[in-house]
Amino acid sequence: MEEVRLQKYMADCGIASRRKCEEYILEEKVKVNGKVINKLGIKVNPNKDKIEFCGKEIKQQEEKVYILLNKPIDYVTTVKDQFGRKNVLELVKGINKRLVPVGRLDMYTSRCTYFNK
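Note that the structure is predicted; figures quoted are calculated from it, not measured. One numbering rule holds for all chains: residues counted from 1, following each sequence as written. Under the rules for a predicted model, residues below a pLDDT of 70 receive no local features and side-chain atom pairs below 80 are neither given nor counted, while totals for whole chains, interfaces and linings still include all residues. Calculated side-chain values reflect all of the structure's heavy atoms, with hydrogen atoms and water omitted.

To continue, consider the overall build of the protein. Labels follow the DSSP assignment, with helices taken as runs of H or I lasting at least four residues and strands as runs of E lasting at least two, numbered in each case from the N terminus. For the protein, the count of helices and strands is two helices and nine strands. Reading the helices (α) and strands (β) of the protein from amino to carboxyl end gives β-α-α-β-β-β-β-β-β-β-β. The buried share of the protein, taken over its 117 residues, is 34%. Partitioning the intrachain contacts of the protein with sequence separation of at least 6 by distance along the chain shows that 48% fall at a separation of at least 24. In the structure as shown, the protein presents an accessible area of about 8000 Å², 46% of it carried by carbon and sulfur atoms. When a residue's accessible area, from a 1.4 Å probe over protein chains only, is under 20% of the maximum for its type it is buried; when over 50% it is exposed; and in between it is partly exposed. Contacts are assigned to residue pairs with any non-hydrogen atoms lying within 4.5 Å of each other. For accessible areas, the Shrake-Rupley method is used with a probe of radius 1.4 Å. Any residue's cover is judged against the shown protein chains and nothing else.

This part takes up the packing of aromatic side chains. Side-chain rings of Phe, Tyr and Trp (the six-membered ring for Trp) are treated as a pair once their centres are within 6.5 Å; stacked means planes under 30 degrees apart, edge-to-face means over 60, and tilted covers the remaining angles. The tally for this structure, following the rule as stated, stands at one aromatic pair. Judged by centre distance (4.8 Å) and plane angle (45 degrees), the rings of Y24 and F53 are tilted. Here F53 lies in strand β5 (residues 51-53) and Y24 lies in helix α2 (residues 18-26), a separation of 29 residues in the sequence. Judged by its relative accessible area of 16%, Y24 falls in the buried class. Relative accessible area serves as the criterion here: at 16%, F53 is assigned to the buried category.

With 16 residues, the main nonpolar core has L6, M10, V30, I51 and I58 as its most contacted residues. Put simply, the parts of the chain that give this core at least two residues each are α1 (6-12), α2, β2 (30-32) and β5. The greatest single-element share of this core, amounting to four residues, is contributed by α1. Excluding its chain neighbours within four sequence positions, the residues that come into contact with I51 are L6, Y9, K31, V32, V44, P46, K56, E57 and I58. I67, Y75, V88 and V92 belong to the second-largest nonpolar core, a separate cluster that totals six residues. Buried residues of nine kinds, namely Ala, Val, Leu, Ile, Met, Phe, Trp, Tyr and Cys, make up a nonpolar core once their side-chain atoms join them within 4.5 Å.

The next thing to look at is the sheet that holds strand β6 (residues 56-57). Spatially, four strands are ordered β3-β2-β5-β6 in an open sheet, and the strand pairing comes out antiparallel. Every other strand in the sheet has two partners, leaving β3 (35-37) and β6 as the edge strands with one partner each. Relative to β5, β2 runs antiparallel, the two sharing three bridges. Residue pairing in the sheet places V32 in a bridge with I51 of β5. Should DSSP find at least two bridges between two strands, the strands are regarded as paired.

So, about α2. Taken together, the buried positions of α2 are C21, E22, Y24 and I25. For α2, the angular spread of the buried residues around the axis is 160 degrees, confining them to a single face. Of the surrounding secondary structure, the elements contacted by the buried residues of α2 are α1, β2, β3 and β5. Taken from the residues just after α2, E28 is the one with a positive phi, measuring 60 degrees. Throughout, the arc means the angular range of directions from the helix axis out to the C-beta atoms.

So, on to the pattern of salt bridges. Salt bridges, as used here, are contacts in which a Lys or Arg side-chain nitrogen is within 4 Å of a carboxyl oxygen on Asp or Glu. Considering all chains together, one arrives at six salt bridges under this definition. Ionic pairing is found between D12 and K8, a salt bridge with its closest N-O pair at 3.0 Å. With D12 and K8 both in helix α1 and four residues apart, this pair spans about one turn of that helix. The class for K8 is partly exposed, based on a relative accessible area of 36%. Across the pair K20 and E23 runs a salt bridge whose closest N-O atoms are separated by 3.2 Å. You can see K20 and its partner E23 sitting in helix α2, three residues apart, about one turn around the helix.

Next up, the structure:
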């Protein structure tokens, strides 16, 4: 694997969104090779560097699962909705993997694709 931006690697490992990972970096919750990182733009090589978040080493998941879902109207394409609306994760049962919705479909649009990282 080539060098990638730290926040992208963290997001790919399932820590949080890239933007939230940027916040974690600025809050000094991330270490690379034992050194606290507190600025953006750092690149890492996951094959060589030891990356830690809140004291725990993080690694990218190898297995990926793709699910194509025809999203019904009245569901939002998100993991968590700030307004308490129904989300597409409620439609997928029995998958014990982290699922990440892909697509920007609003509540009144149908069809959605899922990607598990």
